[in-house]
Amino acid sequence: MSSGDDGQERTQDPTAKRLQDAKDKGQVARSRELSTMMVMISCAAAFLILGDSLGQGFMSLFRYCLSPQFLSGRSSDELPGAFMEVLVDGLWLTWPIMAVCIVAAILASVMLGGMVFSLSFKLEKLNPITGIGRLFSMQSVVELIKSVAKVVFIGGVAWILLNQLTDDILGLSLQTADMAVASSARLMLWFLLMVSLPLILIALMDVPWQLWSHHKQLRMTRQEVVDEHKESEGRPEVKQKIRELQQAVARQRMMTKVPTADVIITNPTHYAVALRYDLRQGQAPILVAKGIDEVAARIRALGEQSQVPLVASPLLARAVYASCDLDHEIPAGLYLAVAQILTYVYQLKQWQEQGGDMPDAPVPEVDEQYLKGHAMAPTPTEETPR
C-alpha cells in the first residue's frame, strides 16, 4: 500500500489526533449488519411483547372505521378530517414499536463508532471513475460475501421454519376468523424473530471486519507521524524563538530590580549577582538578579548608574549564581560570607556619610563543606565561549 505522493507505506498505527480528526469529519467505523440485526430483533421482540395490546387496538380501530356510524352524518368536507383522526390513532398505537426501532438503530451506531454528528459531503463520491474502482475493491468483495451469507443463512432458516410450521399453517383453515387472525399473527411474529437470528452471526463477522478496515484506512506513513508530532509539539525553531522571547522578558523584569539591591557581587567580569536585604523583616538576603558575561556587564552598569555598591568576590559570586534562584533567599551555607559583604557595604555607606578611615574590602569566608556538597558555576576559563 502506497501513500501516494511520497511512495511511503502506511505501516504506522493512527495517532490519537488522527483518530479524533477522522471522527470530527464523521469518518468512523460503522456496520450496517449490526444496525439491521439490532433493529430486526428489537422490532420482533417488541411485537411479541406488545402484540396483544396492539392487535386489540387495531381491531377496535378497524371496527370503528368499517362501521356505518363512521360515515353517517358526515359531509364530504368532514371526511378528510375523519380519516386524519384515524391515521393519528393508528400512529399512536404503533409509536412504541417505532420508538424501539429508533433506539435500537441509535445504539447500534453508538456501540461501534460513538455518537457523531457530521454533515460533510464529498464530491469525489460522484466521480464515476472512483465508483468503478470501488466495484472491484476488497470492500465490494466483502459486501458480496455478506450478501451471499445473508441469503444462505436467512433462506435456510426460513426453509426449516416453514417445514416445521406446515401443520400449524394448514390448521389455520379449521379455526374461526378471530382465532385464525390471532394465530397467524403469532406465527408471523415468531417467524420474523427466528429469521432475524441469523443476522447475529453475520453481524459478528462484519463488526471485526469494519473495525479492521477503518483502522487500516487511517494508517499513517512515518513522515506523517513526524509531521504531526512537529505540528502538535511545535517546530523546534519556533519553540526556540519563544524561549528566547521569554528569556528576554524575564531578563528585562530582572533588570528592573537591580536598582533595589543592596550590593552587587562580581567575578569581577564574568559573573554578577545582586542581593537585597531587609533589616526590618530579618530574613536572609534575596537574590534579585544574576547573570554572566553580557548580562553580568549590564547588571554592573545598571548598578553603577543606581549607585549600588559593587564588591569583587569571585568565589562567592560563582557560589551564589550556581546555588540560588531568582527571588529566593540565599542558602544557609553562604550566610557568613554574604554577611561579611553586607557588613562591608554598611561600613562603606557610613564612611561616605561621616568620613574617617575607609573600610578594607573583605575576603569572604565561604564554607568549604558547602562548596563540596553543591555544584559550582564554572570558572571563566571553563565557560563555554560566548
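Residues numbered from 1 in each chain as written. Predicted model: local features only at pLDDT ≥ 70, side-chain atom pairs only at ≥ 80, totals over all residues. Heavy atoms only, no water.

What to know about the overall build of the protein
Here comes step 1: The number of helices and strands found in the protein is 15 helices and four strands.
Here comes step 2: For the protein, contacts bridging at least 24 residues in sequence account for 74% of all contacts bridging at least 6.
Here comes step 3: A total of about 25,100 Å² of accessible surface is found on the protein, and carbon and sulfur atoms cover 62% of it. (Helix = DSSP H or I, 4+ residues; strand = E, 2+ residues; numbered from the N terminus. Contact = heavy atoms within 4.5 Å. Areas by Shrake-Rupley, 256 points an atom, 1.4 Å probe, with all protein chains shown as cover.)

Quick look at the packing of helix H2 (residues 32–66) against helix H8 (residues 177–196)
Here comes step 1: Packing of H2 against H8 leaves a shortest axis separation of 9 Å and a crossing angle of 155 degrees. Relative to H8, the element H2 lies roughly antiparallel. The chirality of how H2 crosses H8 is left-handed. Counted together, Met-40, Ile-41, Ala-44, Phe-47 and Leu-48 of H2 and Leu-189, Trp-190, Leu-192, Leu-193 and Ser-196 of H8 form the full contact between these two elements. (Axes fitted to C-alpha atoms, helices over the stretch in contact; angles between N-to-C directions. Parallel < 35°, antiparallel > 145°, perpendicular 65-115°, else oblique. Left-handed = near helix turned anticlockwise from the far one by under 90°.)

Re the packing of H8 against helix H9 (residues 198–217)
Here comes step 1: Two numbers describe how H8 lies on H9: the axes approach to 4 Å, and their chain directions differ by 25 degrees. Here H8 lies roughly parallel to H9, going by the angle between them. Along the contact surface, H8 presents Met-194, Val-195 and Ser-196, while H9 presents Pro-198, Leu-199 and Ile-200.

A closer look at the pairing of strand S1 (residues 263–266)
Here comes step 1: Where burial is concerned, the two faces of S1 agree: the one with Val-263 and Ile-265 and the one with Ile-264 and Thr-266 are both buried.
Here comes step 2: Between S1 and strand S2 (residues 271–276), which pair antiparallel in sequence order, lie four residues. (Buried < 20%, exposed > 50% of the residue type's maximum accessible area, 1.4 Å probe, protein only. Pairing = 2+ DSSP bridges.)

A word on the nonpolar core
Here comes step 1: Judged by nonpolar contacts, the single largest core of 22 residues is most densely connected at Val-263, Ile-265, Leu-275, Leu-316, Val-320, Leu-334 and Val-338.
Here comes step 2: Elements with a minimum of two residues in this core: S1, S2, helix H13 (314–323) and helix H14 (335–354).
Here comes step 3: The greatest single-element share of this core, amounting to seven residues, is contributed by H14.
Here comes step 4: Not counting residues up to four positions away in its chain, the partners in contact with Ile-265 are Tyr-271, Ala-272, Val-273, Leu-275, Val-311, Ser-313, Leu-316, Ala-317 and Ile-341.
Here comes step 5: Counting residues in each nonpolar core, the second largest holds 14 residues, with Met-37, Ala-108, Leu-193 and Val-207 among its members. (Core = buried A, V, L, I, M, F, W, Y, C linked by side-chain atoms within 4.5 Å.)

Considerations on the confidence of the model for the protein
Here comes step 1: Of the residues in the protein, 83% have a pLDDT of 70 or more, and the chain-wide mean is 78.
Here comes step 2: Ranking the elements of the protein by mean pLDDT puts helix H5 (residues 128–135) last with 58 and S2 first with 91.
Here comes step 3: Confidence over residues 1–5 falls short of pLDDT 50; this stretch has 11 contacts with residues more than four positions distant or in other chains.
Here comes step 4: pLDDT under 50 marks residues 382–386. Its contacts with residues more than four places away, or in other chains, come to six contacts. (pLDDT = per-residue confidence, 0-100.)

Examining the pattern of salt bridges
Here comes step 1: One pass over the structure, following the stated rule, counts two salt bridges.
Here comes step 2: Of the charged contacts, one joins Lys-257 and Asp-327 as a salt bridge, the two residues approaching to 2.9 Å between their closest N and O atoms. Here Lys-257, found in the loop between helix H11 (236–255) and S1, pairs with Asp-327, found in the loop between H13 and H14; they are 70 residues apart in sequence, far enough to count as distant.
Here comes step 3: Among the residues examined, Asp-327 registers a relative accessible area of 45% and is labelled partly exposed. (Salt bridge = Lys/Arg side-chain N within 4 Å of Asp/Glu carboxyl O.)

Some thoughts on the environment of Ser-323
Here comes step 1: Looking at where Ser-323 falls in the secondary structure, it is placed in helix H13.
Here comes step 2: Residue classification places Ser-323 among the partly exposed positions, given a relative accessible area of 25%.
Here comes step 3: From its side chain, Ser-323 meets the backbone oxygen of Ala-319 in a polar contact 2.6 Å long. (Polar contact = N/O pair within 3.5 Å; in protein donor to acceptor, adjacent residues only side chain to side chain.)

Things to note about the side chain of Ser-31
Here comes step 1: Note that Ser-31 resides in the loop between helix H1 (16–24) and H2.
Here comes step 2: Within polar-contact distance, the side chain of Ser-31 engages the side chain of Asp-206 at 2.4 Å.
Here comes step 3: Apart from the residues lying within four places of it in its own chain, the contact partners of Ser-31 are Leu-112, Asp-206, Val-207 and Gln-210.

A look at the pairing of strand S3 (residues 286–292)
The two faces of the sheet receive side chains in turn, since in a regular strand these alternate between them.
Here comes step 1: The element S3 is largely enclosed, with a buried count of five among its seven residues.
Here comes step 2: Of the strand pairs in this sheet, S2 and S3 are connected by six bridges, and their pairing is antiparallel. Note on S3: the bridge partner recorded for Arg-276 is Ile-286.

Some words on the sheet that holds S1
Here comes step 1: Read from one edge of the open sheet, four strands run S3-S2-S1-S4, paired in mixed fashion. The open sheet terminates on both sides in strands that have one partner only, identified here as S3 and strand S4 (310–312). Neighbouring strand axes in the sheet, compared pairwise and without regard to direction, differ in orientation by 20 degrees on average.
Here comes step 2: The sheet contact formed by S1 and S2 spans four bridges and is antiparallel. Its bridge partner lying in S2, Thr-266 is registered against Ala-272.
Here comes step 3: H13 rests against S1, S2, S3 and S4 of the sheet, and its axis sits at about 75 degrees to S2.
Here comes step 4: Seen against the sheet, H14 touches S1, S2 and S4 and runs at an angle of roughly 125 degrees to S1.

Digging into the side chain of Ser-313
Here comes step 1: Tracing the sequence through the fold places Ser-313 in the loop between S4 and H13.
Here comes step 2: In this structure Ser-313 touches Ile-265, Thr-266 and Pro-364, once residues within four positions along its chain are discounted.

Re a nonpolar patch on the surface
Here comes step 1: Among the surface-exposed residues, Met-84, Leu-87, Val-88, Leu-91, Trp-92, Trp-95 and Met-98 lie close enough to one another that they form a single nonpolar patch of about 760 Å² accessible area.
Here comes step 2: Its location among the elements puts Trp-92 in helix H4 (residues 79–113). (Patch = residues over 30% accessible without salt bridge, like charges linked within 9 Å, V, L, I, M, F, W, Y side chains within 5 Å.)

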